[in-house]
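# Descriptive structure summary
As a plain string of letters, each chain reads:
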Amino acid sequence: MNPNMQKPGLTYLQGEWKQDSVPAEKRLVTYSLYDIKFSCDSFVMKISTVSKVNYGADTCMNKGHWDEYIRGTYSQKQDTLHLKGEFCNANLSYKDEKTCFRWGDYEEFFKVKKTKDSLIQFTSTSNVIPIQARLVKRTSCIPKPL
């Protein structure tokens, strides 16, 4: 049985987090910056990618700048954060396979290291560049019915 209410999630993550830059980004061919919003046990992530290489149609690439969105739920065991969701449109509606870039399921594991109260480092198990995120806005969880 699925629960009928959101779980409270982790207090220290509640809010909006933003990655401002990537180490040595000027020398990288492609890099991504992350904005993540945690609300109770849910998350919404925006991945803004910059590329000097044209991988496909410019209607999708937008001259080397594009955004992808993901929504889902998260959980944490010890220092590992598990994000599970699906790619969606900017308005968080379902994204089908006829659209640009990735679609369908998203699942990622991050090692989490809290460097300060308002700074967190997320190190992906599938990517070598860590996400250094700063707290933009602190929020509190108010569980909603599902």
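Attention here is on the structure that accompanies the text. (Residues numbered from 1 in each chain as written. Predicted model: local features only at pLDDT ≥ 70, side-chain atom pairs only at ≥ 80, totals over all residues. Heavy atoms only, no water.)

### Brief notes about the layout of surface pockets
Quantified by volume, the largest pocket comes out at close to 350 Å³. S32, Y34, I47, R102 and N127 are, among the 21 residues lining the largest pocket, the residues nearest its centre. Among the secondary structure elements, those contributing two or more residues to the lining of the largest pocket are β2 (30-39), β3 (42-51), β4 (65-77) and β6 (105-116). Broken down by element, the lining of the largest pocket gets its largest block of residues, 4 residues, from β2. Considering only residue class, the lining of the largest pocket consists of 11 nonpolar, 7 polar and 3 charged. (1 Å grid on protein atoms, 1.4 Å probe; cavity = no way out; pocket = protein on both sides within 12 Å on 5 of 7 lines; lining within 4 Å. Points joined across faces, edges and corners; volume = space filled by probe spheres on them. Helix = DSSP H or I, 4+ residues; strand = E, 2+ residues; numbered from the N terminus. Nonpolar A, V, L, I, M, F, W, Y, C, P; charged D, E, K, R; others polar.)

### What to know about the pairing of strand β8 (residues 131-138)
Taken together, the 4 bridges between strand β1 (residues 15-18) and β8 define a ladder with antiparallel strand orientation. Following the sheet pairing, G15 is matched in β8 by R138. The pairing of strand β7 (residues 119-124) with β8 spans 4 bridges and is antiparallel. Bridge pairing in β8 places Q121 opposite Q132. Where β7 folds back onto β8 in an antiparallel hairpin, the turn is made up of 6 residues. (Pairing = 2+ DSSP bridges.)

### Details of the nonpolar core
Formed by 21 residues in total, the largest nonpolar core has its most connected members in F38, F43, M45, L81, L83, Y106 and F122. Put simply, the parts of the chain that give this core at least two residues each are β2, β3, β4, β5 (80-88), β6, β7 and β8. (Core = buried A, V, L, I, M, F, W, Y, C linked by side-chain atoms within 4.5 Å. Buried < 20%, exposed > 50% of the residue type's maximum accessible area, 1.4 Å probe, protein only.)

### Re the state of the cysteines
Counted under the stated rule, the structure contains 1 disulfide. The disulfide partner of C40 is C141, and the gap between their sulfur atoms is 2.0 Å. Taking the sign of the torsion about the S-S bond as the criterion, the disulfide between C40 and C141, at about 105 degrees, is right-handed. Here the residue C40 occupies a position in the loop between β2 and β3, and C141 occupies one in the segment after β8, the gap between them amounting to 101 residues. C40 gets classed as buried once you look at its relative accessible area, which sits at 0%. For C141, a relative accessible area of 23% puts it in the partly exposed group. Left without a disulfide partner, C88 is nearest to the cysteine sulfur of C100, which lies 15 Å away. Judged by relative accessible area, which is 2%, C88 ranks as buried. (Disulfide = S-S within 2.5 Å.)

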